[in-house]
Number of protein chains: 4
Amino acid sequence: MIVILKENPEQKQLDNLIAWLKSMDLSIHVSEGTHHTVLGLIGDTTIVDIDLISALDIVEDVKRIAEPFKNANRKFHPDDMVIDVSGRKIGGGNFALIAGPCSIESAEQITNVAKQVKDAGAQFLRGGAFKPRTSPYAFQGLREAGLELLTSAKRDADMPIVTEIMDPSQLPFFENVDIIQVGARNMQNFELLKELGKTDKPILLKRGLSSTIQELLMSAEYIMAGGNEKVILCERGIRTFETYTRNTLDLSAIPLIKKLSHLPVIVDPSHATGIASLVKPMALAATAAGADGLIIEVHHDPAHALCDGQQSITPSEFKSLVDCINAILPYSYKRK
Amino acid sequence: MIVILKENPEQKQLDNLIAWLKSMDLSIHVSEGTHHTVLGLIGDTTIVDIDLISALDIVEDVKRIAEPFKNANRKFHPDDMVIDVSGRKIGGGNFALIAGPCSIESAEQITNVAKQVKDAGAQFLRGGAFKPRTSPYAFQGLREAGLELLTSAKRDADMPIVTEIMDPSQLPFFENVDIIQVGARNMQNFELLKELGKTDKPILLKRGLSSTIQELLMSAEYIMAGGNEKVILCERGIRTFETYTRNTLDLSAIPLIKKLSHLPVIVDPSHATGIASLVKPMALAATAAGADGLIIEVHHDPAHALCDGQQSITPSEFKSLVDCINAILPYSYKRK
Amino acid sequence: MIVILKENPEQKQLDNLIAWLKSMDLSIHVSEGTHHTVLGLIGDTTIVDIDLISALDIVEDVKRIAEPFKNANRKFHPDDMVIDVSGRKIGGGNFALIAGPCSIESAEQITNVAKQVKDAGAQFLRGGAFKPRTSPYAFQGLREAGLELLTSAKRDADMPIVTEIMDPSQLPFFENVDIIQVGARNMQNFELLKELGKTDKPILLKRGLSSTIQELLMSAEYIMAGGNEKVILCERGIRTFETYTRNTLDLSAIPLIKKLSHLPVIVDPSHATGIASLVKPMALAATAAGADGLIIEVHHDPAHALCDGQQSITPSEFKSLVDCINAILPYSYKRK
Amino acid sequence: MIVILKENPEQKQLDNLIAWLKSMDLSIHVSEGTHHTVLGLIGDTTIVDIDLISALDIVEDVKRIAEPFKNANRKFHPDDMVIDVSGRKIGGGNFALIAGPCSIESAEQITNVAKQVKDAGAQFLRGGAFKPRTSPYAFQGLREAGLELLTSAKRDADMPIVTEIMDPSQLPFFENVDIIQVGARNMQNFELLKELGKTDKPILLKRGLSSTIQELLMSAEYIMAGGNEKVILCERGIRTFETYTRNTLDLSAIPLIKKLSHLPVIVDPSHATGIASLVKPMALAATAAGADGLIIEVHHDPAHALCDGQQSITPSEFKSLVDCINAILPYSYKRK
């Protein structure tokens, strides 16, 4: 960490600052420039509150050199994290295919889709029971009843299930859920992250609509700091000025995160674009860029889906997509 | 609502769509263009799920004409909402000044600041007990103990208090809180909004970092649809590519929201910029643009504040700011 | 085009508006809603100035239904545009590889790189002579002398050349240039676009840092409206709040543009990310998503490149990248 | 400037780097951290090309401490720049009011508006002759003929005139123009900036739609480095995800730029919002925040303006606006 001082800092304040930094077991290296004196802080700066130092009268700017995350940092965990979910592996060269409808609508619907996406090659079943919707007048999901239908489909199809939690109070209903999803709008719901850090279930953490990659890793750090290391990161598009697509899928996040962290990274091309015809090209692009998996919305009747139908593909389209993914996978980045 | 059909839509699907729309008590007006047929839906389209229609094979695009919010819509509530908090009014020409430290640190600190900001002209005391922090290693607030200190300061200084809630499970601790704040990161924490809709306390709802004005109004609608009409909206900066400031304060949101909605709009210049020296010019600008109030971070010793010190001003700076605000207020927008 | 009127529009103004619209050979369809009357304009609305109508007192909003571009619109040109450059084809299933240094530095440098990228599989040589740099103190390119060196390299290596123009006054120097590049910062330099519309050389038009896809297509329309139909579009990253990468590469632009337009779309992964190690994964992703080609910075000694060295790869890295692209190409979107 | 080295840098490359830096008259201060060695460069780093250093194998990151601009830097020019235009002053406490139509349409129109805005209190007349329009089919301005009409209006009304240049080739027509405007889309048209740096006319430089404040100052630096110090900066809104307004007016840019630079800063509330009813509140807010002036679109008949009518106000609205500005001005930031 580098602390840039204002010109002619008051000596007493400077002494106080240096004493305080030393009390945190940091060594300080002073460097006098033409206009600025710069302090180099040497040691574990993860715990240093950058805002506290920036607030000082004598400080012009503070710049981090080391990343502020530890548990999620590849520097301290050089090997890829591999997460085992009932025998299906995610990360470390294992490609995870998660598929299913945006919302669980009925026993018949979820069971049918489950079988079809499994036949097509999906290893995990997704389906929303608690649905975050912008409008209070839009369908909010079947909630507890939806989770029960999803659990039945899990048993029938013998597939681990992934579904979204919206509040810590819903945790008791997630006992049979294999991977708990945190949606983009809850990426910085820190109370929720803390509670999930106390569980031992894998957490699929989606990047917030306006979150930087560093913030995504800091949210993973919240979960990991609580003791739960099984975090799967998910790029699902960020908000930009472009209006044709719902969001802008940031695929450079894949190789970038994998350089910074050992956690697996998957991609959601359905929510990112919001357009069914873009799911396939973006799924192939994500695969080529080295993603550890994909989460894709599949609905047997997208035109009558209760939410987000416009971005769902049909089971037969999914089957054809999986064939293309499998063809491209051997040639994707960092494989062979 | 306007539904734009693809060229040569299948007649049976079109009949189904029209029948379904009519079942929602909507009249349909068909208009044939050169390339596109357009359906005009007439009636209450608030409950129509735009995604459902967009998903249909025969539909190219759907555009709303009426706003998707009702309770928060000025069209149905032409008069400004005025919220009464223990005799202090917000909205409808009443200017609310909320001030206090980012975090509650000690009884002495909060009581001192309370008295000083009251003397300077603040009507409401703010102070954070539950603190949303990007890093799990940063100070997380005094939590329940902090709320107790804030309640004491409220009694000592005889000022209504404003503080942030992060999770519905914290609601029992908020009995003595006068205005409950929802932070930017929780603007779309819909489970929290629903719970707050069941209370009768005024809610200060901050705009999310990447939220549109329409989304902010839809989040207000969540609270209001639950029965709690007392919502105060707060512009606090949005995320852009500019890096000198922490966020970009969108002051055009003030007159725009006031045209769309009858709810009061206040501005937080401290979090928006993250720079203490910008608080004053932005506070004056917000006042001039017609804001119904300001929420400002004041700390007796910003350099030692436990969080966000760099954006806090001192009580004496606040006093001078209030004088400037009062000078400019009579000449601000929509005040004669 | 849909014109949404305010409630209770003045009849005389409405009559004037309708008469004016009819004078442009448009038919008007009037549709009365609960709160709003909507006019549907039928006919060629490309020439209608949307701002003019929006400005009218009686108009609440205007929404386009048809795209505002014609020459660049796939609706009127269903077949892919194929551009022939001295026998090398771009578009319509032909994959174009353009490579070379950011800046031309010396005869030896550009000739060496040319041969190496040609050996590795590039069909086109790129190199900057006129360099747009943020700082007036940074290297501005060799300018005319640079173009001469590039022309020599073209002859020696027998490769068509691509280089950037910054101002119409430079056109006389571009006689031997095969493809003229318009940089992101000049995408809306309309005087330049008009001049290029009068030439018969293919134009490689880069998307502006904050340009929507529709604006990119409107800039192509400027060139095409002048009579030059040979426009190659280039996605090179847009500006977002993310700070790890220089820009955010928007790969969904590829399938989206190809749906809207018949023009070829290529991708620049070097400028988009600004990080050499991200060039390969992003190049593979762009290929998988269906791009018609790539433009890649290659420098024999990136560490001593006179600009943008940090995003350049070496000729041997480029060779290995081309092998990976060729492996993935048969399985990319919309092939086979 | 701070150069952060990768772990275990190769000694020979490090020696080369240090030798090269010393050759630019910089002193180097080496600081060894736990994971990183950091070099502090001391001296004039304005001319150091940050990209060149970043590209080196042994370098992890480079961070500037001093700003990369010199001529536009308040550190070297502590007093406000005051620009004198035929006796009217801009900057240093002088408030400049520039008003007029978006486009010059006819002699009668421009002369009428000129007189009316002068009567209302405007010191400068604006009017567009060369118009940058997104669509090639939209009105492109009267061009040379428009400049002639503007020059006549200047004489008739005895007001200095401000109008936009789009290309260096248009400079000969600008002889009678008092302030040359560079539009947002040309802020990084570096060839144009260089040419303007050779003139002695004041340049009104608008911030680009996606330009940072530092980039705006670097574009000013281009003009100033050429010898023309008379640059007026203009905030006119940046591009964000918000769709209600055309752009998001960044008023924090005013106090921020004035801290960084001694150049005058004015605000364009008309283009920023694109909505006539927002011009007044945003003009008042800009004034309160300490702007050195405003540039406002005024049209005697906005509904029939040939471009951007929807953001124009009438002369009588302008008159009322000027009264409000004058009322608020004495209480604005940094005045008394």
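In case you missed it, the structure is sitting above this.
Residues numbered from 1 in each chain as written. Chains lettered and ligands numbered in written order. Predicted model: local features only at pLDDT ≥ 70, side-chain atom pairs only at ≥ 80, totals over all residues. Heavy atoms only, no water.

1. Description of the interface of chain B and chain D
Link 1 in the chain: Taken residue by residue, the interface counts 41 residues in chain B and 41 residues in chain D.
Link 2 in the chain: Regarding the contact of chain B and chain D, the summed buried area is about 3,200 Å², with carbon and sulfur atoms giving 74% of it.
Link 3 in the chain: Considering only the side of chain B, the residues that lose the most area to chain D are B:Phe241, B:Tyr244 and B:Tyr331, jointly responsible for 21% of the buried surface there.
Link 4 in the chain: At the surface where chain B touches chain D, the tally comes to two salt bridges.
Link 5 in the chain: D:Glu242 is the salt-bridge partner of B:Arg207, the closest N and O atoms lying 2.9 Å from each other.
Link 6 in the chain: Between the two partners, chain B and chain D, sit eight residue pairs in polar contact (both at pLDDT 80 or more).
Link 7 in the chain: Those elements that provide at least two residues to the side of chain B that touches chain D are α6 (213-225), α7 (253-260), α9 (276-288) and α10 (315-328) of chain B.
Link 8 in the chain: Per element, the largest residue contribution to the side of chain B that touches chain D is eight residues, and it comes from α9(B). (Contact = heavy atoms within 4.5 Å. Buried area = accessible area lost by both parts, 1.4 Å probe. Salt bridge = Lys/Arg side-chain N within 4 Å of Asp/Glu carboxyl O. Polar contact = N/O pair within 3.5 Å; in protein donor to acceptor, adjacent residues only side chain to side chain. Helix = DSSP H or I, 4+ residues; strand = E, 2+ residues; numbered from the N terminus.)

2. What about the sheet that holds strand β4 (residues 59-63) of chain D?
Residue and element names in this part refer to chain D.
Link 1 in the chain: Judged by pairing direction, the sheet is antiparallel, and its four strands sit side by side in the order β2-β3-β1-β4 without closing on themselves. The open sheet has two free edges, formed respectively by β2 (27-32) and β4, since each of these has just one partner strand. Along the sheet, successive strands turn relative to each other by an average axial angle of 20°, direction set aside.
Link 2 in the chain: Looking at chain direction, strand β1 (residues 2-5) and strand β3 (residues 37-42) are connected through three bridges and run antiparallel. Bridging across to β3, Ile2 finds its partner in Gly40. (Pairing = 2+ DSSP bridges. Axes fitted to C-alpha atoms, helices over the stretch in contact; angles between N-to-C directions.)

3. Quick notes on the relation of the copies chain C and chain D
Link 1 in the chain: When chain C is fitted to chain D, the residual RMSD is 0.0 Å, and the transformation amounts to a turn of 180° plus an axial shift of 0.0 Å. Viewed as a symmetry operation, the transformation between the two copies matches a two-fold axis. Using C-alpha coordinates, one finds that chain C approaches the rotation axis most closely at C:Ser210, a distance of 2.9 Å.
Link 2 in the chain: The fraction of interface residues of chain C whose copies in chain D are also interface residues reaches 98%, indicating that both copies meet through the same surface. (Least-squares fit on C-alpha atoms with pLDDT ≥ 70 in both.)

Honestly, that's just the spatial picture; any functional story needs more than this.
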